[in-house]
Amino acid sequence: MTEDGKDPMTDPMAGSGTGPRTGSGTGSGTGPGTGRAAGAADGGATRVVLAGVYGHGRSHLENLRGLSARGLVELVGVCDVRPVEADWLHGLGTPEQVRPDGLAGLIERTGAEVTILCTPINTHADLAVTALGAGSHLLLEKPPAASLAAFERIAAAVAETGLACQVGFQSLASAAIPALRKRIASGELGEVRGIGVAGAWERPADYYTRSAWSGRRRLDGQDVVDGALTNPFAHATATALAVAGAEERGAVASVELEMFHANPIEADDTSTARIRLADGRVITVAVTLCSTGRTEPYLIVHGSAGTARLTYTTDELDGTVHPRANLLENLVEHVRTGVELLVPLVRTGAFMEFMEAVRLAPDPLPIADEHQVLHPDRRELPGIKALTDASAERLALFSELGVAWAARRELSVAGTPVASYVWRPDLPAADSPRPYLHPVRTRGGVPVTEFRPDDHVHHLGVSLAIADVGAVNFWGGRTFVRDQGATWLDDHGRQRHDAFEEVEGGFAEELTWIGPDGATVARERRTVLAVPVPVSLPAPEDAAGTPGQSRTGAPDPGGAWALDFAFELTVREPLEIKSSACKGRPGAGYGGFFWRAPKESADLAVFTAEAEGEQAVHGSVTPWLALVSDAWSLVFVQVGAVDPWFVRVAEYPGVGPALAWDRPLPVADTLTRRVVTVVADGRLDRAAAARLAEAAGTAGTADPAGTGTPGVAAGAAGTGAPAESAGEAP
């Protein structure tokens, strides 16, 4: 970090700065190293090699000039993939130059006691082990490595050689951190409930083209893990962990991530994270590179008796600026006299646990252009600075702050948006909060879902909702109690989004089903795809019988699409799934995949291959069912196991397979189902619906179990398809 607070370590856009400030600082470290110490022994300058000169390496050259002028160091070698121009080395003599594959020989020939490693993240482990093996102490830029395994390789080399490794987290050399920790320990802030971090910077488009690894999570098969969380704002997380006194391996219990990108890159440029520490405390981090201008990032410690604010780039703690030590100077003193290192490798173990979570997380989600301001040279997210501030203040993730782009994602077919998936809904507990699809549209733009209608506010477009899962209500609304009827109970569960995995045509999602007491009831893997249907249909006729127009008079879009929805529900312990019908309410077998259609749609009708009308198809067991109106048609297809159909038309339009039609469904381990719904403009007749139903079986590839046999229930009794109607219509 330079004096202006910018981060040239991995951010050449910040400029060269003037080199780190010097001052006092505290920290823990190892004893003196056992490598070469000729400079220390004779009182001369410590010999230094710099690997990685261009980009952030320029700030190290500036620092070396300052320490060289004081007689503390001598630059004896440089290592880079391209020759270093003479003017870059002005005032530093004529150090020997080599390419990275010559680093070991350079260290041995020059007798370098310290190597500064300032190279791309994915090269850190190999070059660090090389430098240590050649007998040189190490100043290793942050982040230490691209993976936890690579970090452990470096740690093993440090232990084996007995040499020192200082990590370039300059903010950890600030005296502000021990000052704040002292205030926390004294009880001045009361009981600390969490630490919130906020950072909002602006970066132009060419920031992501400055090097081959910029904006990448992987490069040539190697982990790079570049991104806002792990690179420009790596200091943010490391500083918060240091303030919490949670710096070594084992300090992090879990990490919850929401990573996004507004720019067309692979890595994140806007993200939030929630780190739960082993002692129960929470750290949230909210950062972006899509703001306007630059504001200094900061952290807030939230205590029961007060708060404290540390701006880590300027070392300002509640209005008082504290000194910061120079990490290279500290390392030189460690080599000469054995003074403790300020940022030894062990002090970054918890940060590496966080980074490993980022590395293993699903790729960041794109933020649609409609949520951005597109400048000629950069992208801006309106209001993002205020959102990072709100996150730090409330210890909340972006999705918990009601941000549209953070809580939903769009599904498209051939470039046409057809559905919005809300994965972290803001809903009352009585609705049994769960992810849902709304609005869902035909390719012609006609809505085919309804959300929280007055007649049933817990109907949420398209969702997976079950009335009773081990006595927990995951449907919403009142619970039917035998001999009492519909009753309000404190039994509502919720479905928590855990992670996304990108798949062609949509996504796979990991969820946890949680009861009212906070206990896990089940875990789910869900796959949601939006795919074209490989069948061409004649254009529907309008009300006047004119070919080529829909019944609403709008032009026919010329194609249907299918929503492929599959789930694999794994219970924590054996339990029963029940419907209200199982408890004495005839015909109320609802529970499972459920689609609420628009109530005001004109001329609603429902039919199967064998029957027509609500009374005839309700409770029937048949592979497909169509719900149609003048403006749209929906063809529901059960792929694999076939359950009875729950159908409503007269009261409201709603359709879904019933998992427990009139008797409980025992689930010992895992329950798997798949429903493909064809969405078409205009009114389909039975023949057209049948053609689409047949095509729907090949429209998608959703298979949550990854077995190639979607629709199979494992460890569940009574999941096969009955041979005839499963019950009497109400």
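What you see is a predicted model, and the numbers here were worked out from it, not measured in a lab.

A. Local environment of the overall build of the protein. The helix and strand tally for the protein stands at 13 helices and 39 strands. Put simply, the protein has 730 residues, and 59% of those count as buried. Here the contacts in the protein between residues at least 6 apart in sequence split such that 69% fall between residues at least 24 apart. When the accessible area of the protein is evaluated, it comes to approximately 26,500 Å², of which 50% is carbon and sulfur surface.

B. The packing of helix α7 (residues 234-243) against helix α9 (residues 349-360), seen in detail. Packing of α7 against α9 leaves a shortest axis separation of 9 Å and a crossing angle of 130 degrees. Compared by their axis directions, α7 and α9 come out oblique. Crossing handedness for the pair α7 and α9: right-handed. From α7, A234, T237, A238 and L241 reach across to α9, where they touch A350, F351 and F354. Tallied by class, the residues present in the contact of α7 with α9 amount to six nonpolar, one polar and no charged.

C. Fine view of the pairing of strand β11 (residues 270-277). Burial of β11 is extensive: seven of the eight residues sit out of reach of the surface. Two strands pair when backbone bridges link them, and strand β10 (residues 252-261) and β11 are joined in this way by eight bridges, in the antiparallel orientation. By the bridge assignment for β11, S254 is matched with R276. As paired strands, β11 and strand β12 (residues 282-288) are joined by seven bridges and run antiparallel to one another. Considered in β12, the bridge of S271 is made with V287.

D. Representation of helix α5 (residues 148-161) within the structure. Between its first and last C-alpha, α5 extends 20 Å over 14 residues, near the 20 Å set by a 1.5 Å rise per residue. Restricting attention to buried positions, one finds in α5 the residues L148, A150, F151, I154, A157 and V158. Where the residues of α5 are buried, they touch α4 (124-133), β5 (137-140), β6 (165-167) and α9. In the stretch just after α5, G162 is the one whose phi turns positive, near 75 degrees.

E. Region of the structure containing the sheet that holds strand β2 (residues 73-79). Strand order in the open sheet made by the six strands is β3-β2-β1-β4-β5-β6, with parallel pairing throughout. Every interior strand has two partners, whereas the edge strands, β3 (96-98) and β6, have only one. Between one strand axis and the next, the sheet turns by 20 degrees as a mean value, whatever way the strands run. In this sheet, strand β4 (residues 114-117) lies alongside strand β1 (residues 46-51) in parallel orientation, the contact comprising four bridges. Paired with A51 across the bridge in β4 is L117. This element, helix α3 (residues 103-110), spans β1, β2, β3 and β4 of the sheet and lies at about 165 degrees to β3.

F. Spatial organisation of α9. With twelve residues, α9 should cover 16 Å at 1.5 Å per step; its first-to-last C-alpha distance of 17 Å lies within 8% of that length. When you tally the buried positions in α9, you get nine out of twelve residues, the bulk of the element. Every buried residue of α9 is accounted for by G349, A350, F351, M352, E353, F354, M355, E356 and V358. Of the surrounding secondary structure, the elements contacted by the buried residues of α9 are α5, α7, β10 and β11.

G. The sheet that holds β12, seen in detail. Taking strand neighbours across the sheet as the criterion, the nine strands line up as β16-β15-β14-β13-β7-β12-β11-β10-β17 in an open arrangement whose pairing is mixed. One side of each edge strand has no neighbouring strand; the edge strands of this open sheet are β16 (320-321) and β17 (365-366). Note that strand β13 (residues 298-303) and strand β14 (residues 306-311) share five bridges and pair antiparallel. Pairing of I300 across the sheet is with R309, part of β14.

H. Molecular detail of the pattern of salt bridges. The final tally for this structure, using the stated rule, is 45 salt bridges. D630 is the partner of R683 in a salt bridge, and the nearest nitrogen-oxygen pair spans 3.0 Å. Taken together, the residues span a long stretch of sequence, with R683 in the loop between β38 (665-681) and α13 (686-696) and D630 in the loop between β34 (624-628) and β35 (632-638) at a distance of 53 residues. What makes D630 buried here is its relative accessible area of 18%. A salt bridge links R648 to E651; its shortest N-O distance comes to 3.9 Å. Look at R648 and you get buried, because its relative accessible area is 9%. One network of salt bridges, with partners in common, ties together E256, E258, R274, E400 and R424.

I. Examining the packing of aromatic side chains more closely. Applying the stated criterion across every chain, the model contains 21 aromatic pairs. For the pair Y207 and Y208, a centre-to-centre distance of 5.0 Å together with 90 degrees between the ring planes defines the contact as edge-to-face. For the pair Y207 and Y208, a shared accessibility class is recorded, and that class is buried. Note on F398 and W405: the rings are 5.5 Å apart at their centroids and 70 degrees apart in plane angle, and the pair reads as edge-to-face. Grouping aromatic residues by their ring pairs yields a cluster made of Y421, W423, F500 and F507.

The rules we used
- Residues numbered from 1 in each chain as written.
- Predicted model: local features only at pLDDT ≥ 70, side-chain atom pairs only at ≥ 80, totals over all residues.
- Heavy atoms only, no water.
- Helix = DSSP H or I, 4+ residues; strand = E, 2+ residues; numbered from the N terminus.
- Buried < 20%, exposed > 50% of the residue type's maximum accessible area, 1.4 Å probe, protein only.
- Contact = heavy atoms within 4.5 Å.
- Areas by Shrake-Rupley, 256 points an atom, 1.4 Å probe, with all protein chains shown as cover.
- Axes fitted to C-alpha atoms, helices over the stretch in contact; angles between N-to-C directions.
- Parallel < 35°, antiparallel > 145°, perpendicular 65-115°, else oblique.
- Left-handed = near helix turned anticlockwise from the far one by under 90°.
- Nonpolar A, V, L, I, M, F, W, Y, C, P; charged D, E, K, R; others polar.
- Pairing = 2+ DSSP bridges.
- Expected span 1.5 Å × (residues − 1).
- Salt bridge = Lys/Arg side-chain N within 4 Å of Asp/Glu carboxyl O.
- Phe/Tyr/Trp six-rings, centres within 6.5 Å; stacked < 30°, edge-to-face > 60°.

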